[in-house]
Amino acid sequence: MSETPDRQSPPTPSFGGEMSEQRKERGASWRVFIYIAGSHLLLAFMALLFYLGSHAGK
């Protein structure tokens, strides 16, 4: 009989891990920052529209 060489098992995929968790947290914090900044810009634009509307010549 022929001898089979020792085969290494394929590496198991890592679903998650500490680096993945850190990336998720960083992505979530960036998303929160963008949402807050975007909502403030939208509200500032709306306030500008109300200001211009109230000072429009009637």
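This one's a predicted model, so the numbers in the text were calculated from it and none came from an experiment.

1. What to know about the packing of aromatic side chains
Step number 1: A complete count under the given rule lists 1 aromatic pair for this structure.
Step number 2: Both rings, one in Trp30 and one in Phe33, keep their centres 6.0 Å apart while their planes meet at 85°; by these two values the pair is edge-to-face. Of this pair, Trp30 and Phe33 both sit in helix H1 (residues 18-54), separated by 3 residues, roughly a single helical turn.

2. Here we look at a nonpolar patch on the surface
Step number 1: On the surface, a nonpolar cluster with roughly 960 Å² of combined accessible area is contributed by Leu42, Leu43, Phe45, Met46, Leu48, Leu49, Phe50, Tyr51 and Leu52.
Step number 2: Here Leu42 lies in helix H1.

3. Examining the UniProt feature "transmembrane region" (unreviewed entry) in the chain
Step number 1: As annotated by UniProt and renumbered to match this structure, "transmembrane region" (unreviewed entry) occupies residues 32-52.
Step number 2: Annotated as residues 32-52, this span is 100% helix and 0% strand, and its ends, taken at the C-alpha atoms, are 30 Å apart.

About the cut-offs
Residues numbered from 1 in each chain as written. Predicted model: local features only at pLDDT ≥ 70, side-chain atom pairs only at ≥ 80, totals over all residues. Heavy atoms only, no water. Phe/Tyr/Trp six-rings, centres within 6.5 Å; stacked < 30°, edge-to-face > 60°. Helix = DSSP H or I, 4+ residues; strand = E, 2+ residues; numbered from the N terminus. Patch = residues over 30% accessible without salt bridge, like charges linked within 9 Å, V, L, I, M, F, W, Y side chains within 5 Å. Areas by Shrake-Rupley, 256 points an atom, 1.4 Å probe, with all protein chains shown as cover. Salt bridge = Lys/Arg side-chain N within 4 Å of Asp/Glu carboxyl O. UniProt positions renumbered as here; feature names shortened; annotations may be inferred.

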